[in-house]
Amino acid sequence: MARLDLDDLPPKIAALLEGLADGGELVLVRGGAVVGRLTASTIASEENDPVDPPSEQRMAEVFENFRAAIEDEF
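I will try to describe carefully the structure that is included in this document.

## Examining the overall build of the protein chain
Counting its secondary structure elements, the protein chain contains two helices and two strands. In the protein chain, the order of α-helices and β-strands from amino to carboxyl end is α-β-β-α. Counting every atom, the protein chain has about 6200 Å² of accessible surface; 51% of that belongs to carbon and sulfur.

What follows is the structure in structure tokens.
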């Protein structure tokens, strides 16, 4: 699973991510086109069935898209 430390982000982005309510969405836009969506959710309890983590290639792709969007914005 990919991990992003909010302390490493600019304060405006960290506050935006922290402020998302459960089920809230954040749309990632690059050059006017939607490149991704993040949906906030509460941390799953251990009672739920474990979900297979995404492949490392997929995680790298998602993180790279997110990083590129942040760099373009700021």
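## Regarding a nonpolar patch on the surface
Where nonpolar side chains cluster on the molecular surface, the patch consists of V27, V29 and V34 and spans about 220 Å² of accessible area. Positionally, V34 belongs in strand β2 (residues 33-39).

## Some remarks on a negative patch on the surface
Where like charges cluster on the molecular surface, the negative patch consists of D5, D7, D8 and E18. On the basis of relative accessible area, E18 is assigned to the exposed category, the value being 60%.

## What to know about the environment of E61
Tracing the chain through its elements places E61 in helix α2 (residues 56-73). A polar atom in the side chain of E61 sits 3.1 Å from the side chain of R58.

## Examining the environment of N65
Tracing the chain through its elements places N65 in helix α2. A C-alpha to C-alpha distance of 7.9 Å links N65 and G36, two positions 29 residues apart in sequence.

## With respect to the pattern of salt bridges
Enumeration over the complete set of coordinates arrives at four salt bridges. With a closest N to O distance of 3.1 Å, R58 and E61 form a salt bridge. In this pair, R58 and E61 are both assigned in helix α2, three residues apart and thus about one turn of the helix distant. Assessed through its relative accessible area of 42%, E61 is described here as partly exposed. With a shortest N-O distance of 2.4 Å, R67 and E64 are connected by a salt bridge.

## Regarding the nonpolar core
Judged by nonpolar contacts, L9, I13, A14, L17, L26, L28, F66 and I70 together constitute the single largest core of eight residues. Considering each element in turn, this core owes the most residues, three residues, to helix α1 (residues 11-18). If near-sequence neighbours (up to four positions away) are discounted, L9 is found in contact with L4, A14, L17 and I70.

## A short note on the pairing of β2
Pairing analysis gives six bridges linking strand β1 (residues 25-30) to β2, with the strands arranged antiparallel. What sits directly across from E25, in β2, is T39. Hairpin remark: β1 followed by β2, antiparallel, with two residues in the connecting loop; positive phi at G31, about 60°.

Conventions and cut-offs
Residues numbered from 1 in each chain as written. Predicted model: local features only at pLDDT ≥ 70, side-chain atom pairs only at ≥ 80, totals over all residues. Heavy atoms only, no water. Helix = DSSP H or I, 4+ residues; strand = E, 2+ residues; numbered from the N terminus. Areas by Shrake-Rupley, 256 points an atom, 1.4 Å probe, with all protein chains shown as cover. Patch = residues over 30% accessible without salt bridge, like charges linked within 9 Å, V, L, I, M, F, W, Y side chains within 5 Å. Salt bridge = Lys/Arg side-chain N within 4 Å of Asp/Glu carboxyl O. Lys, Arg positive; Asp, Glu negative; His and termini not counted. Charge placed at Lys NZ, Arg CZ, Asp CG, Glu CD. Buried < 20%, exposed > 50% of the residue type's maximum accessible area, 1.4 Å probe, protein only. Polar contact = N/O pair within 3.5 Å; in protein donor to acceptor, adjacent residues only side chain to side chain. Core = buried A, V, L, I, M, F, W, Y, C linked by side-chain atoms within 4.5 Å. Contact = heavy atoms within 4.5 Å. Pairing = 2+ DSSP bridges.

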